[in-house]
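Single-letter residue listing:
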Amino acid sequence: MRSYVVVGLGRFGSEVARQLYRCGCEVLAIDVKSELVQQISADVTHAAVADSRDKEVLRMLGVGEFDCAVVAIGDDLAASVLATMNMKELGVPYLVCKAHDDVHRRVLEKLGANRVVIPEQENAARLAKSLSSPNLLDYIELSEDYSIIELPTPKSWEGKNLKELNVRAKLGVNILAVRRDGQIDVSPAAEFTFQSGDIVVVLGDTKALNTVQKL
């Protein structure tokens, strides 16, 4: 089970935390405001009232043992910067930060953030889905039940064509496109044979797409 610590439980941060938990991940949610922590406590694995600017507090919470940290403090630049620095110094292997504009984004990138998102450009559900699925390259939610995902070709598909795999009948998904060596084949023919390194774009419902990601 992948583990995440989410710092800053405003609208964006709390939604990321809830979505990650729904994806089956272990989630520690942190904020300085007790009312926000209380509101989310039933929707995550752990919730704590803590100041992310205090590295020793974060150390006691064991944040360095988590797979990924999401610093969702967007409005207070100083707090965001300090929290980001603390996460890096405590050894969090992958750090995602929320920024409120491009200047803020550049500062966070210079501090070593692996990924910086501006909420107006990327919604919480999409971010949570992409983080919780290590092989997932992109995720677009079309409705509550249907989505499009982009991921490396499953090993079991390599050397086989679409007709042999019959993914629509067997898995309930549709292959929208395949990217190979920078070229995109939209709606590939039944004789299209998958190779190692291919990137596939797949449409389906949540259950079917989860199955594809585990192949």
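Residues numbered from 1 in each chain as written. Predicted model: local features only at pLDDT ≥ 70, side-chain atom pairs only at ≥ 80, totals over all residues. Heavy atoms only, no water.

1. Quick word on the environment of Arg11
- Positionally, Arg11 belongs in helix α1 (residues 11-22).
- A relative accessible area of 78% places Arg11 in the exposed class. (Helix = DSSP H or I, 4+ residues; strand = E, 2+ residues; numbered from the N terminus. Buried < 20%, exposed > 50% of the residue type's maximum accessible area, 1.4 Å probe, protein only.)

2. Comments concerning the sheet that holds strand β5 (residues 95-98)
- The six strands lie next to each other as β3-β2-β1-β4-β5-β6, forming an open sheet whose pairing is parallel. Looking along the sheet, the strands with just one partner apiece sit at the ends: β3 (46-49) and β6 (115-117). Taking each pair of neighbouring strands and ignoring which way they run, the sheet shows an average axis angle of 15 degrees.
- Bridge count for strand β1 (residues 3-7) against strand β2 (residues 26-31) is five bridges, and the pairing is parallel. Bridged to Val6 within β2 is Ala29.
- In the packing of α1 onto the sheet, the strands contacted are β1, β2, β4 (68-71), β5 and β6, and the crossing angle to β1 comes to about 165 degrees. (Pairing = 2+ DSSP bridges. Axes fitted to C-alpha atoms, helices over the stretch in contact; angles between N-to-C directions. Contact = heavy atoms within 4.5 Å.)

3. What to know about α1
- Taking 1.5 Å of rise per residue, the twelve residues of α1 would be expected to cover 16 Å, and the 17 Å separating its terminal C-alpha atoms lies within 8% of that figure.
- Residues Phe12, Gly13, Ser14, Val16, Ala17, Arg18, Gln19 and Leu20 constitute the buried set of α1.
- Positioned one or two residues after α1, Gly24 has a phi angle of 90 degrees, which is positive. (Expected span 1.5 Å × (residues − 1).)

4. Quick look at helix α9 (residues 206-213)
- Among all positions in α9, only Ala208, Leu209, Val212 and Gln213 are buried. Down the axis, α9 shows its buried residues gathered within 140 degrees of arc, on one side only. (Arc of directions from axis to C-beta.)

5. A closer look at the pairing of strand β11 (residues 199-205)
- For β11, a buried count of five out of seven residues is recorded, marking the element as mostly surrounded by other parts of the structure.
- As defined by bridge partners, strand β8 (residues 146-152) adjoins β11 across seven bridges and the pair is classed as antiparallel. By the bridge assignment for β11, Pro152 is matched with Ile199.
- Strand direction decides the pairing type here: strand β9 (residues 174-180) and β11, joined by five bridges, are antiparallel. Along β11, the bridge assignment pairs Val178 with Val200.

6. Here we look at the confidence of the model for the protein chain
- Looking at the protein chain as a whole, its pLDDT mean stands at 88, while 92% of the residues score no less than 70.
- Taken element by element, the protein chain is modelled with least confidence in strand β7 (residues 138-141), mean pLDDT 67, and with most confidence in β3, mean pLDDT 97. (pLDDT = per-residue confidence, 0-100.)

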